[in-house]
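Take a look at the letters that make up each chain.
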Amino acid sequence: AADKIDTIVSLSKRRGFVYPCSEIYGGQRAAWDYGPLGVELKENLKRHWWRYMVTSREDVVGIDSSVILASEVWQASGHVATFTDPLTECTSCHKRFRADHLEEAFEAKHGRLPESLAEVNCPNCGNKGLFTEPKQFSGLLSTHLGPTQDSASVAYLRPETAQGIFTNFAQVQQTSRRKPPFGIAQMGKSFRNEITPGNFIFRTREFEQMEMEFFVKPGEDEKWQEYWMEQRWNWYTGLGLREENMRWYEHPAEKLSHYSKRTADIEYRFSFGGSEWGELEGVANRTDYDLSAHAQASGKDLSYFDQEAGERWTPYVIEPAAGVGRAMLAFMLDAYAEDEAPNAKGKMEKRVVMRLDPRLSPVKVAVLPLSRNPELSPKAKGLASALRQNWNIDFDDAGAIGKRYRRQDEIGTPFCVTVDFDTLDDNAVTVRERDTMKQERVSLDQIEGYLAARLIG
Ligand code: ATP
């Protein structure tokens, strides 16, 4: 299955989903750019997350905070002191690793954690037990603001979008007139100085997150965590991710982040060489850690006065935190399939088809004139531009029709609409559905409604 990732990486590059960053200069290891199809898929994912988590609910609102926050935020949140990873180096091949990743890989293979790194083989050169003593390494990426580059001008690029939510908690709560239980959501770029970025867009130093902090009364936190775990699972399966490739992972108490009472991750079967499962999203109970820390450090009251109960408390927080790139990779891996389709001579041939939920598909409809022809082409172009008012449409008149179907199947386009010579007489077109390859004749004055009924959302 490791070659499935390679297949997705090469399809992504060939078709314009994801390219290596700065490739004209040889490419930057583990940074990626999203191409025309990738950006559509990514935006569709984000839009559906926002709709599901924010606009379809009365108890969640959104914000968009800065990437660079006051440095005090990261002091108070504990990130400056504790957002570190243990770094070790193989003294034989000089490759660096996160010690915790080496331990996890060992555990996945042997069913127990190693006594020490002396038991572990280097994943790069294979030599055993040649690791240096792990040193803590900050995961924060920093920069300097203004003309001087000293410790007073240091600023951090956010490693999570969550802190911008906590610092705005009181303002959002008051201006939106919401009472706990309620949530604040945010999507945007985050940055981490990862020691071992890799596995395509799974782990990069610059990435996008979709996070929501749900503020609840202390004592109701455990119930709400269960609720959000279920909601998040349903979001992925509702958009077509197969449950057989998903599972829950409970963080053992000794491995919880500094702020967490309980964290459960949704894992997906990414099947990277070396590790089968990888984290897709975490659902954490952050308690009142962050609001209390910011209240104490800023001197501002971040508690909530519960009028009904006549008491004041600091809300507990349940946080579902997802990564856009990881979700996109999971949906692509899950949707990728190979089956058979008839070629021009009716012989069955292998076809690649991306069975994406139509809501995620980068192109919704491809309009294909049967051949390049002075009568068919303008008719097809007219139809394409009319449909473009509602959806992302591809127009393709190059090559044999079968080849053009294949091109659309490979990128997950749910419908191909063919304009042929009969169209000039009967004013109807042939609609071909991606998964079943079934074809249906639909009259031109009904085509928009026909597609709208099948392209919900
Ligand atoms: P990991 O253990 O894989 O480093 P994490 O537990 O540190 O991840 P969280 O802090 O829970 O990750 O972040 C929430 C989500 O953000 C993750 O589930 C993942 O989808 C995404 N994410 C975190 N770090 C990265 C990264 N370096 N590249 C891409 N996505 C990331």
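Residues numbered from 1 in each chain as written. Predicted model: local features only at pLDDT ≥ 70, side-chain atom pairs only at ≥ 80, totals over all residues. Heavy atoms only, no water.

Asks: Summarise the UniProt feature "domain: Aminoacyl-transfer RNA synthetases class-II family profile" (unreviewed entry) in the protein chain; cite the residues concerned and give the values.
Replies: Here the UniProt feature "domain: Aminoacyl-transfer RNA synthetases class-II family profile" (unreviewed entry) sits at residues 6-358. In this annotation, residues 6-358 is assigned 30% helix and 29% strand; the end-to-end C-alpha distance for the span is 24 Å. (UniProt positions renumbered as here; feature names shortened; annotations may be inferred. Helix = DSSP H or I, 4+ residues; strand = E, 2+ residues; numbered from the N terminus.)

Asks: Break down the site of the ligand for me, with residues and values.
Replies: With respect to spatial proximity, 16 residues lie near the ligand, and among them Arg-192, Glu-194, Arg-203, Thr-204 and Glu-279 are the closest. Interatomic distance of 3.2 Å between a side-chain N/O atom of Gln-209 and an oxygen atom of the ligand. Separating an oxygen atom of the ligand from a side-chain N or O atom of Arg-326 is a distance of 3.1 Å. Mapped onto the shell around the ligand, the elements with two or more residues apiece are β10 (206-216), β13 (278-287) and β16 (316-323). Here the shell around the ligand gets 4 residues from one element, more than from any other, and that element is β13. Taken together, the residues that form the shell around the ligand break down as 5 nonpolar, 4 polar and 7 charged. (Near = heavy atom within 4 Å. Polar contact = N/O pair within 3.5 Å; in protein donor to acceptor, adjacent residues only side chain to side chain. Nonpolar A, V, L, I, M, F, W, Y, C, P; charged D, E, K, R; others polar.)

Asks: Outline the packing of helix α2 (residues 36-55) against helix α8 (residues 221-238), supporting the account with residue identities and numerical values.
Replies: At a minimum axis distance of 11 Å, the contact between α2 and α8 shows a crossing angle of 145 degrees. Here the hand of the crossing between α2 and α8 comes out right-handed. Of the residues in α8, those touching α2 at Leu-45, His-48, Trp-49, Tyr-52 and Met-53 are Trp-228, Gln-231, Arg-232, Asn-234 and Trp-235. For the contact of α2 with α8, the residue count by class is 6 nonpolar, 3 polar and 1 charged. (Axes fitted to C-alpha atoms, helices over the stretch in contact; angles between N-to-C directions. Left-handed = near helix turned anticlockwise from the far one by under 90°. Contact = heavy atoms within 4.5 Å.)

Asks: Outline the confidence of the model for the protein chain, listing residues and values.
Replies: Here the protein chain averages 95 in pLDDT, and 99% of its residues register 70 or above. Quick note on the complex model: pTM equals 0.94, ipTM equals 0.98. (pLDDT = per-residue confidence, 0-100.)

Asks: So what's going on with α2? Residues and values would help.
Replies: Given 3.6 residues per turn, any residue in an α-helix points the same way as the ones three and four places further on. Helix length check: α2 (20 residues) gives 26 Å between terminal C-alpha atoms against 28 Å at 1.5 Å per residue, within 8%. For α2, the set of buried residues is Leu-37, Gly-38, Leu-41, Lys-42, Asn-44, Leu-45, Lys-46, His-48, Trp-49, Met-53 and Val-54. (Expected span 1.5 Å × (residues − 1). Buried < 20%, exposed > 50% of the residue type's maximum accessible area, 1.4 Å probe, protein only.)

Asks: Can you break down the side chain of Arg-404 residue by residue, with the values?
Replies: Mapping Arg-404 onto the fold places it in helix α12 (residues 401-411). Despite its burial, Arg-404 pairs with no opposite charge, the nearest such side chain being Asp-396 at 5.0 Å. Separated by 2.7 Å, the side chain of Arg-404 and the backbone oxygen of Pro-369 make a polar contact. Leave out the neighbours within four places in its chain, and Arg-404 touches Leu-368, Pro-369, Leu-370, Ser-371, Asp-396, Asp-397, Ala-398 and Gly-399. (Lys, Arg positive; Asp, Glu negative; His and termini not counted. Salt bridge = Lys/Arg side-chain N within 4 Å of Asp/Glu carboxyl O.)

Asks: Account for the UniProt feature "binding site: substrate" (unreviewed entry) in the protein chain, with residues named and values stated.
Replies: Mapped onto the present numbering, the UniProt feature "binding site: substrate" (unreviewed entry) falls on Arg-98, Glu-160, Phe-207, Glu-208, Gln-209, Met-210, Glu-211, Glu-319, Pro-320, Ala-321, Ala-322 and Gly-323. In three dimensions, the annotated residues from a span of 226 residues occupy distinct locations, with a maximal C-alpha spread of 25.3 Å. Arg-98 has contacts with Asp-85, Pro-86, Glu-194, Ile-195, Thr-196 and Arg-203, leaving out every residue within four places of it along the chain. Within the secondary structure layout, Met-210 lies in strand β10. Given a relative accessible area of 0%, Met-210 falls into the buried group.

Asks: Can you lay out the pairing of β16 for me, pointing to particular residues and giving the numbers?
Replies: Across the 8 residues of β16, 8 count as buried, placing the element largely inside the fold. Alternating residues of β16 divide into Tyr-316, Ile-318, Pro-320 and Ala-322 and Val-317, Glu-319, Ala-321 and Gly-323, and every residue in both groups is buried. Inspection of the sheet shows β10 paired to β16 by 6 bridges, in the antiparallel sense. Each residue of the ladder has a partner; that of Met-210, found in β16, is Ala-322. Two strands pair when backbone bridges link them, and β13 and β16 are joined in this way by 6 bridges, in the antiparallel orientation. Bridge pairing in β16 links Val-283 to Pro-320. (Pairing = 2+ DSSP bridges.)

Asks: So what about the pattern of salt bridges? Which residues, and what values?
Replies: Tallying each qualifying case throughout the model produces 43 salt bridges. Measuring nitrogen to oxygen at the nearest pair gives 3.1 Å for the salt bridge that ties Glu-160 to Arg-286. Within this pair, whereas Glu-160 is found in the loop between β8 (154-157) and α6 (162-167), its partner Arg-286 is found in strand β13, the two being separated by 126 residues in sequence. The class of Arg-286 is buried, set by a relative accessible area of 0%. Within the structure, one salt-bridge network assembled from shared partners comprises Asp-339, Arg-351, Arg-355, Arg-406, Asp-409, Arg-432, Arg-434 and Asp-435.

Asks: Which residues make up the sheet that holds strand β6 (residues 135-138), and what are the values?
Replies: Strand-to-strand pairing in sheets goes through backbone hydrogen bonds, with the strands running parallel or antiparallel. Taken together, the 3 strands give an open sheet; going across it, the order is β5-β4-β6, and neighbouring strands pair in antiparallel fashion. Where the open sheet ends on each side, the last strands, each with one partner, are β5 (96-98) and β6. Direction aside, neighbouring strands of the sheet carry axes that sit 45 degrees apart on average. Sheet analysis places strand β4 (residues 84-89) next to β5, joined by 3 bridges and oriented antiparallel. Residue pairing in the sheet places Leu-87 in a bridge with Arg-98 of β5.

Asks: Which residues make up the nonpolar core, and what are the values?
Replies: One finds Tyr-236, Phe-270, Leu-329 and Phe-331 to be the most contacted residues of the largest nonpolar core, which totals 55 residues. If you tally residues by element for this core, the top one is helix α10 (residues 324-335), at 9 residues. Setting aside its immediate chain neighbours within four residues, Phe-270 contacts Ile-5, Phe-202, Glu-276, Gly-278, Glu-279, Leu-280, Arg-326, Leu-329, Ala-330 and Leu-333. Phe-415, Val-431, Val-442 and Tyr-450 belong to the second-largest nonpolar core, a separate cluster that totals 19 residues. (Core = buried A, V, L, I, M, F, W, Y, C linked by side-chain atoms within 4.5 Å.)

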